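A look at the structure
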Amino acid sequence: NILLHKGDFLMITLLSKFFIKNREDTSSPEVRQRYGILSGAVGIFFNLLLFTGKFIAGSVSHSIAITADAFNNLSDAASSVITLIGFKLAGQKPDPDHPYGHGRMEYLSGLAVAAAILIMAFELLKSSVDKLFHPVETAFHPLIILCLLLSILVKGYMYLYNKSISRKIHSEAMMATAKDSLSDMVATSAVLFTTLLSRYAHIDLDGWCGILVGIFIFTTGLSAARDTINPLLGEAPDPEFVKRIGEIVYSYEDILGFHDLMVHNYGPGRVIISLHAEVPADGDILALHDTIDNIERKLKKELHCEAVIHMDPICIHDPEVNDLKEKICGILRNIDPVLTLHDFRTVKGPTHTNIIFDVVKPYRFPLSDEELKLLLSEKIQSMGENFYPIIQIDEKYT
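To keep things clear, this report deals only with the structure shown in the data block. (Residues numbered from 1 in each chain as written. Predicted model: local features only at pLDDT ≥ 70, side-chain atom pairs only at ≥ 80, totals over all residues. Heavy atoms only, no water.)

1. Some details on the overall build of the chain
- The secondary structure content of the chain amounts to 12 helices and six strands.
- Relative to its full complement of 398 residues, the chain shows a buried share of 45%.
- Across the chain, every contact between residues at least 6 apart in sequence was considered, and the portion connecting residues at least 24 apart equals 67%.
- Put simply, the chain shows about 20,900 Å² of open surface, and 62% of that area lies on carbon and sulfur atoms. (Helix = DSSP H or I, 4+ residues; strand = E, 2+ residues; numbered from the N terminus. Buried < 20%, exposed > 50% of the residue type's maximum accessible area, 1.4 Å probe, protein only. Contact = heavy atoms within 4.5 Å. Areas by Shrake-Rupley, 256 points an atom, 1.4 Å probe, with all protein chains shown as cover.)

Have a look at this one:
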C-alpha cells in the first residue's frame, strides 16, 4: 500500500525520470499524456512477452485454458496500444472543430479497453464450453508451471503500477487497464490451480475453470465500462475538486458566498467551471470586478480550469430584509435541511411585497418543483403580511 500510494515502482519510476519532464505536476495535460503513453508502451512489452510464453506452453500442454489466457494477453497488448493512442490523441491542442480540446479521447480509449475485456470474456466462455463437450487431455511440464507463475507475478506488478498511475493522474482509462491486469492475474491463478489439480489429483477441471474465469473477466469488463461511460455522460464533479474551488473563492474577503457552481468536464485537464459569487450591493463595482478577475486567474493557475464568474450583488445592511431572509431559511430547514436559498431580495409595492429568491434542491427530492413552490408560497403567505413569493427552483449540480 505504501508503494502504491507513492507510485514507487522501479521500472515506471525510473523511466518517468527520463521521459517525463515535471513528472510530479500530474494536473498538467502534457504530464498526464506522457504517463499514459509510457504506461501503454510498458504494457505492450509485457503482454507480448506473456503471450509468447503462454502460447508455447498452451500448445505443448493442449490446455484450452492456457491458450485462451495467452490470447487474452495478446488482446491486452492491443488494449495497451489503444490506451497509448488514446492518450496521444487526448493530448492534441484545441482546434476550430474542437475548441474544448480532445481530452475525452482518453475516456473513449478506456471504453475500448473495456470492450476488449468483454470480447475476450465471451471468447473464453465459448472455448471453455466447447472443451466440456470435446475434452482433450492436458499435458504437464514443469516449464508450464514456471511460465504461469511468472505470468501471475508480472500481471500483479502491472496491476499495481497501472493503479498507481491511475490514482496519480486521476485517469479512468488507466484504472480500466489496471482492472484488466487484475482479471488476468486471477485468470492465470485459476489456470495454474486446475493444471496442478489435473496433474496430482487426476481431476480435469480445465473447461469449468475457463468458464469461471470468463465470468470473472466479464464482470471486470462491465465495471471498467461503467467507470469510463460515467464521465462521458457527465458525472458529478469530484467533491475534493469542489471543496478546493470553495477554498479559493472564499479566500477573498469581498466574497460573501457563491452558488450555481457548474463543472463542465471535456476531459482531464480540460475543465470549465461557472459560478455565481455574492458580493455586497453597496461595494465599489470596479474593485469587485477586479476581485472576480483575480479569482478566475487563481482558479486557472491552481486547478488548471477555465472559470467564468457572475457577480450577484446582495443587500447585507437592511435589518428588515435580513430578518425576513432568516425566517424563510427557517421554513426551508423545517421542510428539509438539504434545501438552501440564494439571490434573496424584496421589492415593495403599494399593495404587496414581492419576495424573490432561488431554492436549490438535490436530485431525487421527494417533492416536484411545483409542489415545493406551492408549499413554500403557502407557508410564506401564512406569515400574516402581504407577501407575494417569486420562487425559482435550481437543481444541485455538485
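Now that the structure has been shown, we can carry on.
2. Points about the side chain of Ser166
- The topology assignment puts Ser166 in helix H6 (residues 142-169).
- Here Ser166 falls in the buried class, since its relative accessible area comes to 5%.
- For Ser166, the residues in contact, after removing those within four places along its chain, are Ser171, Met174 and Met175.

3. Re the pattern of salt bridges
- As enumerated under the stated definition, the model contains nine salt bridges in all.
- Here Lys327 and Asp323 are joined by a salt bridge, their closest N and O atoms 3.5 Å apart. With Lys327 and Asp323 both in helix H11 (residues 319-335) and four residues apart, the pair spans about one turn of that helix.
- Given the relative accessible area of 42%, Asp323 is considered partly exposed. (Salt bridge = Lys/Arg side-chain N within 4 Å of Asp/Glu carboxyl O.)

4. Brief notes about the sheet that holds strand S1 (residues 257-265)
- Taking strand neighbours across the sheet as the criterion, the three strands line up as S1-S2-S3 in an open arrangement whose pairing is mixed. In this open sheet, the two edge strands, each paired with only one partner strand, are S1 and strand S3 (305-314). Shown here is a sheet whose adjacent strand axes are inclined to one another by a mean of 15 degrees, direction ignored.
- Inspection of the sheet shows strand S2 (residues 271-280) paired to S3 by 10 bridges, in the parallel sense. Residue pairing in the sheet places Ile273 in a bridge with Ala307 of S3.
- This element, helix H9 (residues 239-250), spans S1, S2 and S3 of the sheet and lies at about 135 degrees to S1. (Pairing = 2+ DSSP bridges. Axes fitted to C-alpha atoms, helices over the stretch in contact; angles between N-to-C directions.)

5. Observations concerning the sheet that holds strand S6 (residues 387-395)
- Judged by pairing direction, the sheet is mixed, and its three strands sit side by side in the order S4-S5-S6 without closing on themselves. Looking at which strands have only one partner, the edges of the open sheet turn out to be strand S4 (340-348) and S6. Taken pair by pair, the neighbouring strands of this sheet meet at an average axis angle of 15 degrees, ignoring direction.
- Across nine bridges, the pairing between strand S5 (residues 353-361) and S6 is parallel. Following the sheet pairing, Asp358 is matched in S6 by Gln392.
- Helix-sheet contacts for H11 involve S4, S5 and S6, and the interaxial angle to S4 is about 135 degrees.
- Packing against the sheet, helix H12 (residues 369-381) makes contact with S5 and S6, and its axis sits at approximately 150 degrees to S6.

6. Section: the packing of H11 against H12
- Packing of H11 against H12 brings their axes to within 11 Å, and their N-to-C directions diverge by 135 degrees. Comparing the axis directions of H11 and H12 gives the class oblique. Read as a crossing pair, H11 and H12 show a hand that is right-handed. Across the interface between the two elements, Ile328, Ile331, Leu332 and Ile335 from H11 touch Leu375, Leu376, Lys379 and Ile380 from H12.
- Across the contact of H11 with H12, the residue classes break down as seven nonpolar, no polar and one charged. (Parallel < 35°, antiparallel > 145°, perpendicular 65-115°, else oblique. Left-handed = near helix turned anticlockwise from the far one by under 90°. Nonpolar A, V, L, I, M, F, W, Y, C, P; charged D, E, K, R; others polar.)

7. Points about the nonpolar core
- In this structure, Ile245, Ile273 and Leu299 are the most contacted members of the largest nonpolar core, which totals 20 residues.
- Those elements that place two or more of their residues in this core are H9, S2, helix H10 (285-303) and S3.
- Residue contacts for Ile245: discarding those within four places in its chain leaves Leu261, Ile273, Leu275, Leu299 and Leu303.
- Counting 19 residues, the second-largest nonpolar core is a separate cluster that includes Ile328, Cys329, Leu341 and Phe344. (Core = buried A, V, L, I, M, F, W, Y, C linked by side-chain atoms within 4.5 Å.)

8. Some remarks on the environment of Gly156
- Within the secondary structure layout, Gly156 lies in helix H6.
- Separated by 26 residues in sequence, Gly156 and Leu182 have C-alpha atoms that sit 6.7 Å apart.

9. Re the pairing of S5
- Of all the nine residues making up S5, nine are buried; the element is thus mostly covered by neighbouring parts of the structure.
- The two faces of S5 match: Thr353, Ile355, Phe357, Val359 and Lys361 on one face and Asn354, Ile356, Asp358 and Val360 on the other face are all buried.
- Sheet topology places S4 next to S5; seven bridges connect them, and they run antiparallel. Looking at S5, one finds that Thr340 is bridged to Val360.
- Hairpin geometry of S4 and S5 is characterised by an intervening segment of four residues between the two adjacent antiparallel strands.

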